[in-house]
Every structure is written in structure tokens, then in C-alpha cells.
Amino acid sequence: MSFGGVPGHGKSRTFSKRNFHGCLENLLYNDVNVIDLAKLKHHVTASGNVTFACSEPADVPVTFLGSESYLQLPGPLQKESLSVSLHFRTWNKAGLLMTTEMHQHAGSLWLYLSEGKVKLQISKAGRILADATTGSGLNDGQWHSLELNAKRGRVSLTVDKEAGSAAHASSPFHVASGNNLFFGGCPENKNNQNCRNPFNSFQGCMQLIYVDNIAVDLIKVQQRIMGNFSDLQMDLCGIIDRCSPSYCEHGGKCTQSWNTFYCNCSNSGYIGATCHSSIYERSCEAYKHKGNASGLYYIDLDGSGPLSPLLVKCNMTEKTWMVIQHNNTELTKLKSSGGKDQHLAYFNYSANTEQLQAIINQAQHCEQEVSYHCKKSRLLNTPDGDPFTWWVGRTGEAHAYWGGAKPGTQKCSCGLEESCIDSSHYCNCDADRREWTNDSGPLSFKDHLPVTEISFGDINRAESEAAYKVGHLQCYGDKNFWNAAFFNKETSYLHFPTFQGELSADISFLFKTTATSGVFMENLGIKDFIRIELSSPSEVVFSYDVGNGPFEVRVEAPTPLNNNQWHSVKAERNVKEAMLRVDRLPSRTQKAPTDGHIHLQLNSQLFVGGTASRQKGFLGCIRSLELNGITLDLEERAKITPGVKPGCPGHCSSYGSLCQNGGRCVEKYNGFSCDCSLSAFMGPFCQKEVSAYFKPGTSVAYTFKEPYELTKNASVQSSSMYSDVTLRGEHIAFSFRTSQAPALLLYANSYYREYLAVLLNRNGHLDVKYKLQNNKDAEVFRMNMRNLANGQLHKVNIKRQADILHVQVDQYAREEFNLTSDMEFNAIKSVILGKVYESGELDPEVARVNSLGFSGCLSAVQFNSITPLKAALLYPSSSPVIVKGQLGESHCGASSPSNPFAVETTHSLSDQSGTIDTGEPIVNAVRSDSALIGGVIAVMIFIILCVLAIIARFLYRRKESFQSREAKGDKSDDSPDFPFNNDPNSQNVLSEHQKEYFI
């Protein structure tokens, strides 16, 4: 065994590192002092220059504080060589280490740090004569040694005495005798030709400086006996580790320079100078009110708190459902456990226990669907027996009630509703019948949710069969998002416990007011304070003091903020800066002093809506007030506070714009909803198109007046009989997609043989045809644009006011036309989409197009205030619509691909195929018998191959058919007297082409 090096003896060496150079003491091996044995030469031999004394040099470090710092030392006496060595430590990636001038103005030599590497550069008049680079990551705050040797035109650099780190360069140069060496920077005198620094000044520490192998006595420099210096700290290394402790939160990575630290928040889900604020919303409700559709979203339940972001499914219906998934949602068949009395099922959720508790606590309602399908397998053993099955919630307690029943009842939903198949039991399965039945329903007592474990018992009898299914946890309603208070007196306020935000503080809320100023919140200490206020109708001020004097951050809006609409405020203060953002305006920041006080020390109560002095109180509403991720319950405190009312109405003034396509905003106590009854769209914001695919025989007719009313009112004059449906203008909007031309898209008629037709001619151009006067021919208005029968989605907007007609297609310019006939559409009878079956009174040209029917998609059809397609698809029994042919709702009207994260509609087992109650339930094939996987895959591959073969044959035959048709020519199309193809087989050709397109 050897210490301090490996003996060579001419043999190949095992290690590449050179022998240790320095001092060792207290060298023990098996509690034996090896150094003592070496002194006695007892079984230990020493080789080389080994002494048994250790004289440590007196290290005198020097600290370079800033841009004015430099150390000037006399240069070398020799002209042919230069040798400089030193130790340095720094956090900065760049800075000048040393510079000097060459002999007879031959150039300048710079030794400097760049990107954490040591670089050498010799240049003259902007031309680089030599350069070298070595080392990496040298800005780690540790001591590093550096050696520079220059002789006879060759330069070498070595870092940390690593042989592999040496860098070399060649250049003819001479060092000027007596020239000074400058370390760290240059004097401020700009006329100083002996020192020029094109790089950053060095900030850090140096020690053990040697020039021509002679140690520099920094004490003499300090005493001004030799050299010169400025802004240095002698005999002290003043480097500060600003990342220990780290102020970066939520896993942010800390890096630092000499003056400050930085937090890398990448992939953390948080932003800000210290990674304090979450980039995600706190609930699905918040995403919905930003106009987002259903999908998968990350939510941060406590904002800047300790809980990590969570991926959930948001179902944006009238109620905003948050869906938390687990690993066991399939219908699973239970098998005998081989002598065991109980079968255990476990459920692992995508959220941890703390996240689940936060979700349930802030939700208005939560539920989880559970189902038990049974055949001679009892569930709860009602009415008086011990339950065979129980389930465990998140708190670890066992519960013996089932979905649809109340806690502690030991019942199922049928027992609560008194609808069980055997009235002597409280669950269907407890009747113990030989036929399949089930007990299903939602568990909705929040304190017990979610289901984490179920123990099934009665499955070991010979005839017992059972299956279970547990749905995802679903919650709706965000109590925090709508938590609000209304302040109706300037002297009123709410008070809460002292705000705890010593190092980091974030505050967010929404407000609406008509007042010109007022304090939103304030918390005081002995000297410290924090306050947010509306200082003027268009300015919000965030002010605080942590002992460095008052700081203010202001955001001025371009428009008044006291417009009685909701505005958002987000303020954050940390050890580095303060930030304020209002609505979506650019945020403003105020840097904190580098080495000032950082602790915010408060001791009074937190005042909301006013101040301790009751001056400048706030008049209006404050909602969703969050401090460091904790929502203050304004409503509960407002219930017991004079001058403050819980809640705040008037949400439509701010959120009404989310209701699109003619949807009407409806106020609610907690929020709003969109009434889409007068819109051709549906969905939570009336943004989802209602579309259907039409076949040649499909017809949708919306009738204004039934024919029997004509005879019923025969004594009434015809001029007034239908006055309520006489139109002086129409507003028609719809979208379509087709490859058929010609085609009739929309037809409106009257009892006086007046009509309006919207159609594609044989060239695929859009025609609008009006006949509003019997003694005049119909007027045709044609759009000047490309072929619209191209399988793409097109949007049509038609407006007529008296004799002025405007038509716009897609984003093309709107075209204007003038009607020369009557301006009234009298006694309108019906609006028809697709084929018109009452064709006896049709114009001959319209009849020819109508005979072909319509193949394609119609979407979002609106005729004035009626929506015929929506009525036919969603309200067929309560609307005056007549549907003929096949009509089915489709997504063919979507202008872009469907949301890949869209939430699919889920159905309970009782809705599936109607077989659950009469036969064995369909269970998850993977769980019931994994051996079926291979068979299923084989069948799927076989089906795919068959489909591909059919498509290939179909396309080949289509190609032949197309070629044969092309050879026949276009005889009918060339006829100037007959603008439409009247070939009875032409519709079949169009239909085939449409099918090919959708394949």
C-alpha cells in the first residue's frame, strides 16, 4: 500500500494522475499511525522528497468587488519570457484575470474568463496574434489554480494542474521590461495606454499570485510599498454563496453570479424570479371562464402552495365537471378466491391523497358511480345481516352503504326509493336470485370519497357470479372561484389573521367597482407593511416595505377600471423583486436591493376592503382573493360583518362575451350560463355547431303555419291572415360541405307561391333566387367566386332588408344586390333543408335541381330567429319540424379537427345495449381472460386486411368507371337551353363520388 503516489520502478503506471504535492497528517491505517512508522523506518519506507514537517504558506486572499476594482503589480524583468500563476474563485462566467502590454507596442496580452473557461488572447490593432482556451465550469465558486508560461513565442495555459487542461499557442512577442501587470481590471483613467480592458471586470477572489515564480506579498501592496490597487478587500475572500440556502421554490434550479442568483424554472410548472407562481389555473371552472373547451388540463389546486400540478379531464357542460381518473374503471368479473372469504379491489388515482382532499374540499359537489352486477351473490345482506361487501374511502374508514343511498343506512338506491325487486330487501342483489340483476348509483357524500378499496364477500358459493365497476371521481363547482363580498360603505372592511409571507408573497383577486379609488387590502407591521389599492380610476398600486424603505409598483390601464366589470389583479413580492399585473396588461416589476432586508414582518390583522384607519375604503366587489395559494372565505366573514354583503351579482357584464353565436348570458348567484335556445349552436358557450349529413332523400321542413289554419280562418281577409309571418327582410346563416353540383341547399316558400332558394349551380357557384311577386319572374343573384362544391366547409351569410341584399361567403368580400320586385315575403309557409317533397309548385329550374336531392353536410342553420336543423335533431317532438329520409347528427360541420382531448360522453352500464338486467354483463376482456388478447388482435388484423382489399377493388372499379364516363363526353352540359344534367343516373354518380371522398 502506498500513500501520496504510486512507485514507478520502470513499470507501466496504473494511474495517470501525478503524485500528491502537499501535506498529510493524522494518516491512520487500522488505527496505526503510518507517519510515525515512517519516521522510525519500521515496515514503512519513504521515497522521494519527503519531510516530516509541514510549513503552510500564509495565504492572503484579495477580493475584487466591482467594476472599479484592480490590482497593479510590477512586471517581469526578463524580456523573453513571462510566468504568472494564481488561484481564483468566482461565480461569474466572464471577467478579466490579467492583462499587460508587450515589448515596443507589439500588442496586448489578455487573460480572461468567458463562459466559465479561461482564454488567452494576444492581439494588436484588432488583429489576433495568438489565442488559447482551457478549462470549463470554472465559475463554480471553488478555488482554481491557473498557470501562464510564455517563452520564445510559445504560450501555455494550465488550469488546476491538470496535464490534460494545458493549452498552447505560438506568436512572436516580447514582454516589455518594467511594464505593469493588471489583475481584475484597469484604472478608470481612459488615457491609460498601459491597461485596456475590452472584457468585463473580474468579481471574485485571488490568492497565491506568483510573477516569475516569485510570490507577491499582498501585505506590501496593502501598505502601498509596492504596486497599486483600488476597491479591493485585502486578507479576505468576500464571496457569498447565494444559493445556500436556495430561495428557488418548487424545484427551481439555483445559479448565481457575484451580485445575485437566478432560478431556472424550466419544466417546474411555475414562473417568476423564484419560481413562486403557478402557470396553471386552479380548477376547471377557471379554465372554462377563459373560454376553453372540454379537454385535458393541468390544474394547480393551491396555486403557489406545496401541492404539485395535476392532469385532469375537464368536461365543460353547463356544469363544469372535473374528472379524476383511476386505474380500475372497467367492468370486472369476480371469481372465487380459492377458500378466501373476501375479494379485495384497489383503486389508485392520478392524484395523491393531499390533492384529492383539496379537490373535494373546494368542489360544490362530488360523486362516483358504483355498480354491482350479481347472480346468486348478495351485496349488503339486508335488511338485518352483516354486510358481505363494504368499501373504504380516502380516510381509511369502511362504509356499508352503496351508490344512491345515504351514509350509515346499509342500503342501495332501490332501498332508498323503495323500488327493489324484493321489497323485503334494501338491495336488488340481496334478493339472491338466479337471474342477473344489479345495484348501481352514485356515491356523493364528499367526506367519504373517493373509493380506494372494496371488499366483496358473497362470491364463493357454487352458483355465485358477480361483476363490479367503479367510475372516475367527478366534481363540479369551484367554491373558491366565485367566493365574493360586496362592500357598500367606505368604512366597512373584513379582517383576517396576519398574512404570512415573510420571504415570498403572492396575492391575486378580481374586483369590480364604480368608485374612483379605494384600498383592496392592507396588512401592517411595526415598520413593514404591504398594501394594494386603486389609486385612480385607471391605476392600481402595489406598495410594501421590508425595512429598505417604501417600494411601489404601478400599473396604469389605457381604459378606466371602474367600469363595473371584473378585473384581475396579481401581485407578487419575493427576495429579488416585486411584480404587479392587471388583467392582461404587461406586468411591471421593481427590483429589490441586492443586499438589503428581505424579511416581511407583519403583526396586525389583514384588512380587506379597507384599512385600519378606515380611510380610503373600497366600494364594490372583491372575488376569489388568494394569498400564497390560500383562498380567504370572504362570504362567510361577510355574513357577520356590517356594511358587507356575501356574494356579488352581475357576472354577465364581464363574461357575457363568452356566449357566442347569438347565445344569451343568464345571471346566476355563482356565475352565469349561456342560453343557446335562439342560436343555431349549442354547448356551454353556444360554440358547438349542430351539423347533420344529408343523403339525396333527406328533407327537414320547418313549418310556420299549418294548412288546416287556412280553412279555420276562411272568413278572415287574406291580407291579414298571415301578417305575423310576412317578412320585409331575412337573415340566413349556415355552413355546408358537399361535392355535388347542382344542389339545392335551402328553400323557403309561402302560401302565395313566393319563394327564396339558395342553391349551387352546375359550376358550383352560389345562386340566391328570389320570387316575391307573382306577376314577375324570379330574380337570380350569383356570387362571383370559385367552385364551392369542392368538399370543403363554406360559411354563407345572407341578409336582406327591403330591396337591399347582402351575401357573404367565407372570408370573401360581401356583395350587394338590389331587388326590383316586391320587398315583402308574404305569408311564409316553411323553410326546407335538403329535398323539397311538395314539389308541385316549384319553379321548373328549382325543380330540376331539387330532383337530385342534396348529398353533403349542413351545419348551424339559422333563418331569422329559428334554427330548423337544431330543432330537428334536438327537439323533434316539440318543434314544428317534419323530417323525411335519413338524418343523423354529425361533426361534419367542424371547420377544424375535433379537440383531441374532448371528453367522450360516458354511459352507465344500465344504458348499454339493454342486456345488463336480463343476462350476464359484458366485462373487460383483459381482466376476465387475458388469453383472449391474441385472438382479438388476430381478428382485428384480419378485418383490416379485408377492408383494405375491398377499398383497393372499389378504387380500381371507380377509376374504370371514371375513364368510361370521361370518354362519353358531356352532351347535356353543353346544351345552352338546359343548364342542369337531367340524366336519371347522374345522382348515383354524385353519390358514389361523395362516398369516395369521405373514404
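Residues numbered from 1 in each chain as written. Predicted model: local features only at pLDDT ≥ 70, side-chain atom pairs only at ≥ 80, totals over all residues. Heavy atoms only, no water.

Draft legend 1. How the structure looks around the overall build of the chain. Helix and strand counts for the chain come out as 14 helices and 65 strands. Long-range pairs, those at least 24 residues apart, make up 67% of the contacts in the chain between residues at least 6 apart in sequence. Per element, the accessible surface of the chain, about 50500 Å² overall, is 49% carbon and sulfur. (Helix = DSSP H or I, 4+ residues; strand = E, 2+ residues; numbered from the N terminus. Contact = heavy atoms within 4.5 Å. Areas by Shrake-Rupley, 256 points an atom, 1.4 Å probe, with all protein chains shown as cover.)

Draft legend 2. The state of the cysteines, seen in detail. Considering all chains together, one arrives at 15 disulfides under this definition. Across the disulfide from Cys 366 sits Cys 475; the S-S distance is 2.0 Å. When the S-S torsion is 110°, as for the bridge of Cys 366 with Cys 475, the disulfide is right-handed. Highlighted residues: Cys 366 in strand S27 (residues 363-375) and Cys 475 in strand S33 (residues 473-478), separated in sequence by 109 residues. The disulfide bridge from Cys 652 ends at Cys 665, spanning 1.9 Å between sulfur atoms. Across the disulfide from Cys 652 to Cys 665, rotation about the S-S bond amounts to roughly -85°, and the bridge is consequently left-handed. Here Cys 652, found in helix H7 (residues 652-655), pairs with Cys 665, found in strand S48 (residues 664-668); they are 13 residues apart in sequence, far enough to count as distant. (Disulfide = S-S within 2.5 Å.)

Draft legend 3. Geometry of the environment of Val 34. By secondary structure assignment, the location of Val 34 is in helix H1 (residues 34-40). On the accessibility criterion, Val 34 (12% relative accessible area) is buried. Spatially, the C-alpha atom of Val 34 lies 9.5 Å from that of Phe 3, the residues being 31 residues apart in sequence. (Buried < 20%, exposed > 50% of the residue type's maximum accessible area, 1.4 Å probe, protein only.)

Draft legend 4. How the structure looks around the pairing of strand S7 (residues 108-114). Burial runs high along S7: 6 of the 7 residues are buried. Bridge analysis of strand S6 (residues 95-101) against S7 gives 6 bridges, and the strand direction is antiparallel. In the strand pairing of S7, Met 98 is matched with Leu 111. Where S7 lies against strand S8 (residues 117-124), 7 bridges are found, and the strand directions are antiparallel. Residue pairing across strands places Trp 110 opposite Gln 121, the latter belonging to S8. Adjacent in sequence and paired antiparallel, S7 and S8 are bridged by 2 residues, among which Glu 115 carries a positive phi angle near 55°. (Pairing = 2+ DSSP bridges.)

Draft legend 5. Region of interest: the pattern of salt bridges. Tallying each qualifying case throughout the model produces 24 salt bridges. Arg 531 serves as the salt-bridge partner of Glu 522, at 2.7 Å between the closest nitrogen and oxygen. Two residues, Arg 554 and Glu 552, come together in a salt bridge whose shortest N-O distance is 3.0 Å. Taking the relative accessible area as the measure of exposure, Arg 554 reaches 36% and is therefore partly exposed. In the salt-bridge network here, residues are joined through shared partners; they are Lys 376, Arg 378, Asp 432, Asp 458 and Arg 461. (Salt bridge = Lys/Arg side-chain N within 4 Å of Asp/Glu carboxyl O.)

Draft legend 6. Looking closely at the sheet that holds strand S53 (residues 699-703). Overall, antiparallel pairing links the 7 strands, which are arranged S58-S57-S56-S55-S62-S53-S64 in an open sheet. The sheet is open, and its two borders are formed by strand S58 (779-782) and strand S64 (881-884), each paired with just one other strand. Across the sheet, the mean angle from the axis of one strand to that of its neighbour is 15°, orientation sign disregarded. (Axes fitted to C-alpha atoms, helices over the stretch in contact; angles between N-to-C directions.)

Draft legend 7. Summary view of helix H4 (residues 353-362). Among the residues of H4, those classed as buried are Gln 355, Leu 356, Ile 359, Ile 360 and Gln 362. Contact partners of the buried residues in H4: strand S23 (310-316), strand S24 (320-324), S27 and S33.

Draft legend 8. Geometry of a nonpolar patch on the surface. On the surface, Met 1, Phe 3, Phe 20, Leu 24 and Tyr 29 cluster together into a nonpolar patch covering about 580 Å² of accessible area. Within the fold, Phe 3 resides in the segment before strand S1 (28-29). (Patch = residues over 30% accessible without salt bridge, like charges linked within 9 Å, V, L, I, M, F, W, Y side chains within 5 Å.)

Draft legend 9. Broad picture of the nonpolar core. With 47 residues, the main nonpolar core has Phe 734, Leu 766, Met 783, Leu 805, Leu 858 and Phe 863 as its most contacted residues. With residues up to four places along the chain from it excluded, the contact list for Phe 863 reads Phe 704, Leu 727, Glu 730, His 731, Ile 732, Ala 748, Leu 756, Ile 828 and Val 831. Judged by nonpolar contacts, the second largest core, of 44 residues, contains Ala 363, Leu 443, Ile 459 and Tyr 468. (Core = buried A, V, L, I, M, F, W, Y, C linked by side-chain atoms within 4.5 Å.)

Draft legend 10. Representation of the sheet that holds strand S37 (residues 518-524). Read across the open sheet, the 6 strands follow the order S35-S44-S37-S38-S39-S40; overall the sheet is antiparallel. The outermost strands of the open sheet, each flanked by one partner alone, are strand S35 (494-496) and strand S40 (551-556). Neighbour-to-neighbour, the strand axes of this sheet turn through a mean angle of 15°, independent of strand direction. Across 3 bridges, the pairing between S35 and strand S44 (residues 606-608) is antiparallel. From the neighbouring strand, Phe 496 faces S44, where its bridge partner is Leu 606.

Draft legend 11. Quick peek at the packing of aromatic side chains. This model, assessed by the stated rule, comprises 29 aromatic pairs. Ring geometry for Phe 347 against Tyr 468: centres 6.5 Å apart, planes inclined by 85°, an arrangement best described as edge-to-face. On the criterion of sequence distance, the pair formed by Phe 347 in the loop between strand S26 (343-346) and H4 and Tyr 468 in strand S32 (residues 465-470) is long-range, its members being 121 residues apart. Relative to Tyr 655, the ring of Trp 482 has its centre 6.0 Å away and its plane inclined at 80°; by these criteria the two rings are edge-to-face. (Phe/Tyr/Trp six-rings, centres within 6.5 Å; stacked < 30°, edge-to-face > 60°.)

Draft legend 12. Examining the pairing of strand S30 (residues 437-443) more closely. Most of S30 is tucked away, with 6 of its 7 residues classed as buried. Alignment of S27 against S30, held across 7 bridges, turns out to be antiparallel. Bridge pairing in S30 places Gln 368 opposite Leu 443.

Draft legend 13. Molecular detail of unusual backbone geometry. Along the chain, Ser 244 connects to Pro 245 via a cis peptide bond; the corresponding omega equals 0°. Note that the residue after Thr 382, namely Pro 383, is joined by a cis bond; omega there is 10°. You can see Pro 383 is positioned in the loop between S27 and strand S28 (390-392). Positive phi, close to 50°, is recorded for Ala 860, a residue that is not glycine. Along the chain, Ala 860 falls in strand S63 (residues 856-863). Judged by relative accessible area, which is 8%, Ala 860 ranks as buried.

Draft legend 14. Main features of the environment of Val 666. Mapping Val 666 onto the fold places it in strand S48. For Val 666, a relative accessible area of 27% translates into the label partly exposed. Between the C-alpha atoms of Val 666 and Cys 652, which are 14 residues apart in sequence, the distance is 7.0 Å. Excluding residues that lie within four positions of it along the chain, Val 666 makes contacts with Cys 652, Phe 672, Ser 673 and Asp 675.

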